[in-house]
Each structure stands twice: as structure tokens, then as C-alpha cells.
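Understanding the architecture of this molecule
The chain contents come next:
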Amino acid sequence: MQSKIGIGYDIHRLVPGRPLILGGIEIPYNKGLLGHSDGDVLIHALCDALLGALALGDIGEHFPDTDLKYKGIASSQLLKTVKELLDSKGYEINNLDVVVIAQTPALTPFKNKMKQALCALMHIREDALNIKAKTNEGLGAIGENEAIACYAAVSLVKERG
Ligand code: MG
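Overview of the structure. Keep in mind the model is a prediction, meaning the values are calculated, not measured.

**Description of the overall build of the chain**
Helix and strand counts for the chain stand at five helices and seven strands. Taken over the C-alpha trace, the chain has a radius of gyration of 15 Å; the compact-globule value for 161 residues is 15 Å, and the two agree within 12%. Along the three orthogonal principal directions, the C-alpha set of the chain runs to about 50 × 35 × 25 Å. A total of 161 residues make up the chain; the buried ones form 46% of that total. Counted over contacts in the chain with a minimum sequence separation of 6, partners at least 24 positions apart contribute 72%. Accessible surface for the chain amounts to roughly 8200 Å². Of this, 51% is attributable to carbon and sulfur atoms.

Structure, rendered in C-alpha cells:
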């Protein structure tokens, strides 16, 4: 058995006039994440963790924000593409662990729905993904509700051969 680990991080600004898309679902809130795509910071961190484990660079190289093709794209599509890459390399997701940092909205009520959406996108069991939601204790830009950040860690496995 071969194994690999990867980490990912991302942060996006919260701005009025956009829906809040996080973890592949829409969450009711008065602001949304700014981005060339839908701004789903959780999925971006996940993609970077997966790409990192595969030593395939980062999300910006695979889906440049200068490419109009990706303007307004659902990040769930990006995650599907990264998962296909992982499949093509013969790796499976052993487990994923995610920390989302948002002062508001409170994310705990949405964790299960996010988990279901993400596991369906990646075709993994729900016990292979953990989501932790934290505030930033009111500190800094995240504490002032100006941004949401996310860290992700992944472990991949592959049968030797
Ligand atoms: Mg991003």
C-alpha cells in the first residue's frame, strides 16, 4: 500500500450581493464569498489538499482565474475534475479533515448537509470526511466578518502495483 498526505488552505472575502456557497451548498446569509468562481473556499482548500498529495501543484495552476472558462463556475465542478485526476492516478481518498473558520454565519447547523454534498461529489463514505467549524474569536478580518478561511488535510492510498 502506498500512501500520501496533502494540505490545503484558502481564504475569500465576504461581500454583499452574492450567495454564500460553502462546502457545495448554499447557506442563507447576507453576504457571499467573492471569487472568479462561486468562491467556495472549503472546496478550494479541499482541491489544493488533493492536488498537493498528488504533487500536482495548486488549484490556480489547474483552473486559472484569468481564464474566462472558469468565471462563475461552480466549485463543485472543480472538485469533480480534481477527483477524476486522482482516480486516473489510481489513488483513493483514505480520509479528509477540514477546518472552516467563519465568525458568522454559525456553520454547525450546516455541517451535515455540506458533508453529504461533498461526499457525493467525491464518491466517498461519510466517515471519510470530517468538517470542523470554528470562529476566529472576533479577531482580525475573519473576526470582523470580512472573510472566511479554510484548511484541509487529506490522506490518499493506492494498492501497490
Ligand atoms: Mg479560492
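**Points about the nonpolar core**
Core analysis: the biggest nonpolar cluster contains 46 residues, and Leu50 and Leu118 have the highest contact counts within it. The contacts of leucine 118, once residues within four sequence positions are left out, are Gly23, Leu42, Ile43, Leu46, Leu79, Leu129 and Ile131. Grouped together as the second largest cluster of nonpolar side chains are five residues, Ile101, Ile142, Ala147 and Ala149 included.

**Considering a nonpolar patch on the surface**
Residues Tyr9, Ile11 and Tyr151 make up a contiguous nonpolar surface patch of about 290 Å² in total accessible area. Structurally, the position occupied by isoleucine 11 is in strand β1 (residues 2-15).

**A closer look at helix α1 (residues 41-53)**
Residue pairs three or four apart in sequence face the same way in an α-helix, which turns once every 3.6 residues. For α1, which comprises 13 residues, the first-to-last C-alpha distance of 18 Å matches the rise-based estimate of 18 Å (1.5 Å per residue) to within 8%. Counting buried positions along α1 yields 12 of 13 residues, so the element is predominantly enclosed. All of the buried residues in α1 are Val41, Leu42, Ile43, His44, Ala45, Leu46, Cys47, Asp48, Ala49, Leu50, Leu51 and Ala53. Immediately beyond the C-terminal end of α1, within one or two residues, lies alanine 55, with a positive phi of roughly 55°.

**Describing the pattern of salt bridges**
Within this structure, the stated rule accounts for three salt bridges. The partner of aspartate 87 in a salt bridge is lysine 83, and the shortest N-O contact between them spans 2.9 Å. On the criterion of helical spacing, the pair formed by aspartate 87 and lysine 83 is a turn pair, its members being four residues apart in helix α3 (residues 75-88). The closest approach of N and O atoms between arginine 125 and aspartate 127, which form a salt bridge, is 2.5 Å. Like aspartate 127, arginine 125 is exposed.

**Considerations on the packing of α1 against helix α4 (residues 111-122)**
When two helices pack together, their arrangement is captured by the angle between the axes and the distance separating the axes. Running from amino to carboxyl end, α1 crosses α4 at an angle of 40°, the nearest separation of the two axes being 12 Å. Looking at the two axes, α1 sits oblique to α4. Note on packing geometry: the crossing formed by α1 with α4 is right-handed. Facing Leu42, Ile43, Leu46 and Leu50 of α1, the residues of α4 in contact are Met114, Leu118, Leu121 and Met122. Its residues assigned to classes, the contact of α1 with α4 comprises eight nonpolar, no polar and no charged.

**Topic: the pairing of strand β6 (residues 129-134)**
Looking at chain direction, strand β5 (residues 92-101) and β6 are connected through six bridges and run parallel. Its bridge partner lying in β6, isoleucine 101 is registered against lysine 134. Since β5 and β6 lie parallel, the crossover through α4 that links them has a hand, and here it is right-handed.

The rules we used
- Residues numbered from 1 in each chain as written.
- Predicted model: local features only at pLDDT ≥ 70, side-chain atom pairs only at ≥ 80, totals over all residues.
- Heavy atoms only, no water.
- Helix = DSSP H or I, 4+ residues; strand = E, 2+ residues; numbered from the N terminus.
- Rg over C-alpha atoms; globule rule 2.2 N^0.38 Å.
- Buried < 20%, exposed > 50% of the residue type's maximum accessible area, 1.4 Å probe, protein only.
- Contact = heavy atoms within 4.5 Å.
- Areas by Shrake-Rupley, 256 points an atom, 1.4 Å probe, with all protein chains shown as cover.
- Core = buried A, V, L, I, M, F, W, Y, C linked by side-chain atoms within 4.5 Å.
- Patch = residues over 30% accessible without salt bridge, like charges linked within 9 Å, V, L, I, M, F, W, Y side chains within 5 Å.
- Salt bridge = Lys/Arg side-chain N within 4 Å of Asp/Glu carboxyl O.
- Expected span 1.5 Å × (residues − 1).
- Axes fitted to C-alpha atoms, helices over the stretch in contact; angles between N-to-C directions.
- Parallel < 35°, antiparallel > 145°, perpendicular 65-115°, else oblique.
- Left-handed = near helix turned anticlockwise from the far one by under 90°.
- Nonpolar A, V, L, I, M, F, W, Y, C, P; charged D, E, K, R; others polar.
- Pairing = 2+ DSSP bridges.
- Right-handed = clockwise from strand over helix to strand, strands pointing away.

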